[in-house]
Amino acid sequence: MMGLGSAIGAGLFLGSGVGVATAGPAVLVSYAIAGVLVILVMRMMAEMASALPASGSFSVYAEAALGRWAGFLLGWLYWFMLIMVLGVEVTGVAGIVSGWWPDVPQWAVAAVVVAVLGGLNLTGVKNFGEAEFWFAAIKVAAIVAFLVVGVLVVVGVIPVAGGALGDWAAHGGFAPAGWSGIAAGLLTVVFAFGGIEIVTIAAAEAREPSTAVARATRTILWRILAFYVGSVAIIVLLLPWDDAAALESPFVSVLQLAGVGWGARAMEVVVVLALLSAFNANVYGTSRMLFSLAERGDAPPAAARVSRRNVPVVAVWVSVAFGVVAVLLNWLLPQALLGVLLNAVGSALLVVWVLVAVAQLRLRPRLEARAPGGRLPLRMWGYPWLTWLVLVALAGLVVLMLSDAAARAQVAATAGLVVVILACYAVTTAVRRRRLAAPVSPR
């Protein structure tokens with residue numbers, strides 16, 4: 001349920017309309033390609049997590065496979081990415097809730113969200129997991145209800161004015177923009193699946209980490225793909241892809257088409273819950289990544305401190321504090337500067353995925369050598385050829401991004417962030433070596 005909940009977020013409920021407007025009905029192909037790519041990357045993560053559970057997840061695996069620099073880079077890159085996302089999520093919740101109750105200031109809503117969910121993360125991983133379960137259950141129920149209503153409209157059980165199915169021929173056919181539209185659609189949808197990697201971070205705190213992550217990965221990946229592709233299929237079947245007004249909130253438009261008058265408010269509630277769920281999960285992810293970095297000597301030692309309930313309290317407090325800073329940046333920074341920071345987040349997942357694939361290529365033989373009988377709890381399919389294929393696909397995605405002006409800015413900002421983090425690594429490494437080399441003065 002955590003995996004389902006992490007991947008089904010506001011990006012699906014609100015962002016799917018952007019992909020449809022870009023590629024037309026052929027955005028289904030974009031979603032299918034992106035979904036398969038993410039499934040393969042997650043399979044690699046799950047292979048390593050089931051054999052070597054760690055709170056730092058892919059950061060730990062990158063360090064084991066490529067060296068300390070890779071673990072430092074991935075850990076801090078992921079931490080920064082989630083911190084910026086925390087600010088966006090809280091700002092989104094505050095904006096929607098203030099629309100319901102205009103007398104309530106947005107800062108008050110943000111303060112309540114940060115206090116409640118930050119406090120929840122401090123009470124123990126069991127309470128965090130319980131909250132994520134119920135957040136995910138509500139989102140999954142909303143998606144299932146949407147699919148049921150959409151299918152009933154498509155097959156004619158729920159009659160609508162003018163007929164249910166949109167006339168693709170009258171709007172340019174299935175792929176009005178051709179393969180270039182599908183490629184552009186891929187850029188808008190591929191990062192919508194981000195968040196599922198929380199499963200591999202949480203695996204370290206499961207009762208039986210090896211079996212838990214293997215079981216979760218086997219069951220959720222195809223369901224997530226089905227939810228995404230199924231929901232978007234309903235949208236493109238019922239809404240003209242060139243209807244900009246309808247695609248601003250496609251789920252609401254479909255529900256209104258079916259005569260569900262309260263659909264707009266219901267979807268607003270679901271979007272708020274999706275943002276709260278993502279905030280809750282991201283506080284967990286940032287705190288565990290910071291804790292792991294501290295354990296490995298790549299963050300201040302205080303961040304490795306745990307409470308009697310085995311919660312890394314300092315790491316949680318630091319992540320919540322920087323989440324508040326990110327909220328303030330969303331409200332205070334000029335749009336241009338904020339855009340640079342958010343662009344750096346935009347393609348950071350690509351760096352994570354590339355290093356995950358490289359780490360899996362190098363670690364697979366070592367993990368098999370250590371496993372009982374040489375058999376891993378869960379294995380990546382078609383090793384090493386599918387892993388190499390994923391790396392080629394990711395390289396192709398970078399090329400696509402470089403051909404698009406907006407995406408090119410994301411790649412440039414992410415590259416700049418990577419350079420800054422590696423420069424910090426070089427400085428901290430030099431300081432550490434100097435300290436080790438310094439002679440000990442006699443007392």
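Residues numbered from 1 in each chain as written. Predicted model: local features only at pLDDT ≥ 70, side-chain atom pairs only at ≥ 80, totals over all residues. Heavy atoms only, no water.

Draft legend 1. Highlighting the overall build of the protein chain. For the protein chain, the count of helices and strands is 19 helices and 0 strands. Compactness check: the protein chain gives a C-alpha radius of gyration of 22 Å against a globular reference of 22 Å for 443 residues, within 12% of the reference. The principal-axis extent of the C-alpha atoms belonging to the protein chain is close to 90 × 55 × 45 Å. For the protein chain, buried positions account for 51% of its 443 residues. Total accessible area on the protein chain is roughly 19100 Å²; 69% of this is exposed by carbon and sulfur atoms. (Helix = DSSP H or I, 4+ residues; strand = E, 2+ residues; numbered from the N terminus. Rg over C-alpha atoms; globule rule 2.2 N^0.38 Å. Buried < 20%, exposed > 50% of the residue type's maximum accessible area, 1.4 Å probe, protein only. Areas by Shrake-Rupley, 256 points an atom, 1.4 Å probe, with all protein chains shown as cover.)

Draft legend 2. Representation of the packing of aromatic side chains in the model. Across all of its chains, the model carries 10 aromatic pairs by this definition. Between Phe72 and Trp76, the aromatic rings sit 6.5 Å apart at their centres with planes inclined by 55 degrees, giving tilted as the arrangement. Here Trp76 and Phe72 lie together in helix α6 (residues 68-100), a separation of 4 residues that amounts to about one turn. When its relative accessible area of 19% is taken as the criterion, Trp76 is described as buried. Aromatic pair Trp100 and Trp101: ring centres 5.8 Å apart, planes at 90 degrees, arrangement edge-to-face. Put simply, the rings of Phe72, Trp76, Trp79, Phe322 and Tyr425 touch in pairs and so form one group of aromatic residues. (Phe/Tyr/Trp six-rings, centres within 6.5 Å; stacked < 30°, edge-to-face > 60°.)

Draft legend 3. Local environment of the pattern of salt bridges. Under the definition given, this model contains 7 salt bridges. Taking the shortest distance from any N to any O, the salt bridge between Glu47 and Arg364 comes out at 2.9 Å. Remark: Arg364 occurs in helix α17 (residues 348-370) and Glu47 occurs in helix α4 (residues 27-51); sequence separation between them is 317 residues. Note on accessibility: Glu47 and Arg364 belong to one class, buried. (Salt bridge = Lys/Arg side-chain N within 4 Å of Asp/Glu carboxyl O.)

Draft legend 4. Here's a closer look at the packing of α17 against helix α18 (residues 385-402). As a packed pair, α17 and α18 sit with axes 10 Å apart at the nearest point and diverge in direction by 160 degrees. As judged from the angle between their axes, α17 and α18 are roughly antiparallel. Along this stretch, α17 crosses α18, giving a crossing that reads as left-handed. Residue-level contacts link Leu350, Trp353, Val354, Ala357, Val358, Gln360 and Leu361 of α17 to Thr387, Trp388, Leu391, Leu394, Leu397, Val398 and Met401 of α18. (Axes fitted to C-alpha atoms, helices over the stretch in contact; angles between N-to-C directions. Parallel < 35°, antiparallel > 145°, perpendicular 65-115°, else oblique. Left-handed = near helix turned anticlockwise from the far one by under 90°. Contact = heavy atoms within 4.5 Å.)

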